[in-house]
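# Inside the fold
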Amino acid sequence: ATVTVTGPAPTPTRLSITKTGPKTVRAGNTVTFTIRVRNNGTVPATNVVITDCIPSRTSLAGRLANGRLRKNGRVGWQVGTLQPGQTRVVRIVLRTDRDARGLVGCAANASGANAPTVRATARVRVLGVAAPTGRARVTG
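Each chain carries its own residue numbering, running from 1 in the written order of its sequence. Residues qualify for local features only when their pLDDT is at least 70, as the model is predicted, and side-chain atom pairs are given and counted only at 80 or more; totals for whole chains, interfaces and linings, by contrast, use all residues. Side-chain numbers come from the whole structure's heavy atoms, not from hydrogens or water.

### Points about the environment of Pro116
To keep things clear, this is the line we draw: Only DSSP runs of H or I covering at least 4 residues are called helices, and only runs of E covering at least 2 are called strands; the numbering of each starts at the N terminus. Think of it in three bands: with a 1.4 Å probe and only protein chains considered, a residue is buried below 20% of the maximum accessible area for its type, exposed above 50%, and partly exposed in between. Contacts were defined at the residue level, with two residues in contact if any of their heavy atoms lie within 4.5 Å.
By the element assignment, Pro116 lies in strand E10 (residues 115–127). Accessibility expressed as a relative area gives 58% for Pro116, which makes it exposed. Once the C-alpha coordinates of Pro116 and Arg14 are considered, the two residues, 102 residues apart in sequence, prove to be 7.6 Å apart. Residues within four places of Pro116 in sequence aside, it is in contact with Thr13, Ala110 and Ser111.

### Some words on the state of the cysteines
Note the threshold: Disulfides are defined as pairs of cysteine sulfur atoms found within 2.5 Å of each other.
Evaluated as defined, the whole model comprises 1 disulfide. Shown here is the disulfide that connects Cys53 with Cys106, its sulfur atoms set 1.7 Å apart. With Cys53 in strand E4 (residues 45–53) and Cys106 in strand E9 (residues 102–112), this pair connects stretches of sequence that are 53 residues apart. Accessibility assignment for this pair places Cys53 and Cys106 in one class, buried.

### A word on the sheet that holds strand E5 (residues 58–60)
Here is the rule: Here, any two strands with at least 2 DSSP bridges between them count as paired. As a rule, the C-alpha atoms of each element are fitted with a line to give its axis, helices using only the stretch in contact, and angles between N-to-C directions run from 0 to 180 degrees.
Taken in spatial order, the 4 strands line up as E1-E3-E8-E5 in an open sheet, and their pairing is antiparallel. Each having just a single partner strand, strand E1 (15–20) and E5 make up the two edges of the open sheet. Averaged over all neighbouring strand pairs, the angle between strand axes comes to 30°, with direction disregarded.

### A few points about unusual backbone geometry
Backbone geometry places Arg57, a non-glycine residue, at a positive phi of 70°. By the element assignment, Arg57 lies in the loop between E4 and E5. We classify Arg57 as partly exposed; its relative accessible area is 34%. One non-glycine residue, Asn66, lies in the positive phi region at around 60°. On the secondary structure map, Asn66 appears in the loop between E5 and strand E6 (68–69). Judged by relative accessible area, Asn66 falls into the exposed class, the value being 73%.

### Details of the side chain of Thr34
One can find Thr34 in strand E3 (residues 30–39). For Thr34, a relative accessible area of 11% puts it in the buried group. Here Thr34 is in contact with Thr18, Lys19, Thr20, Val89, Val90 and Arg91, once residues within four sequence places are set aside.

### Details of the side chain of Lys19
Under the convention used in this document: Here a polar contact is recorded for every N or O atom pair within 3.5 Å, except that within protein the pair must consist of a potential hydrogen donor and a potential acceptor, and residues adjacent in sequence are included only if both atoms are side-chain atoms.
Tracing the backbone through its elements, the reader meets Lys19 in strand E1. Side-chain polar atoms of Lys19 contact the side chain of Asp52, separated by 2.9 Å. One polar contact links the side chain of Lys19 to the main-chain carbonyl oxygen of Cys106, over a distance of 2.9 Å. Once residues lying within four places of it in the same chain are set aside, the contact partners of Lys19 are Phe33, Thr34, Ile35, Asp52, Cys106, Ala108, Ala120, Thr121 and Ala122.

### Some words on the nonpolar core
We count it as follows: Side-chain atoms within 4.5 Å are what join buried Ala, Val, Leu, Ile, Met, Phe, Trp, Tyr and Cys residues into a set we call a nonpolar core.
The biggest cluster of nonpolar side chains holds 29 residues, and the ones touching the most others in it are Leu15, Ile17, Ile35, Val37, Ile50 and Trp77. Every element with two or more residues in this core is listed here: E1, E3, E4, strand E7 (74–82), strand E8 (87–96), E9 and E10. With 6 residues, the top contributor of residues to this core is E10. Sequence-distant contacts of Leu15, defined by excluding residues within four places in its chain, comprise Val37, Arg38, Asn39, Asn40, Ala45, Val48, Leu82, Ala110, Ser111, Gly112, Ala115 and Val118.

Rendered as structure tokens:
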């Protein structure tokens with residue numbers, strides 16, 4: 001028997017990743033980073049995993065939706081299979097320390113059994129704690 005295959009060969013699985021967040025946050029407040037992973041290839045990406053870190057001078061705020069805290073100070077999400085053109089979005093909410101200042105952030109990674117690791121970094125500038133507002137009542 002002879003088998004003839006026509007058409008272009010499938011493109012290898014290609015993941016892309018973006019990580020976004022606000023430009024600034026006040027010390028002691030929360031900041032949300034959004035991570036988007038997309039399969040830009042023409043074949044399914046299997047066993048896709050997203051990982052992100054908890055930067056110094058921050059801590060997790062609340063629970064991770066479908067994510068797990070790992071022993072090495074990273075968080076991870078088991079995505080599974082991403083079909084061609086499919087995107088998965090995860091979020092991580094962090095609370096900045098009250099004494100944190102300057103840039104805070106780190107790189108998120110995504111990889112699959114048949115896709116190389118891709119990386120995206122987002123940072124937020126932590127500003128000093130806001131001064132109390134309002135007027136003091138003066139008596140006397």
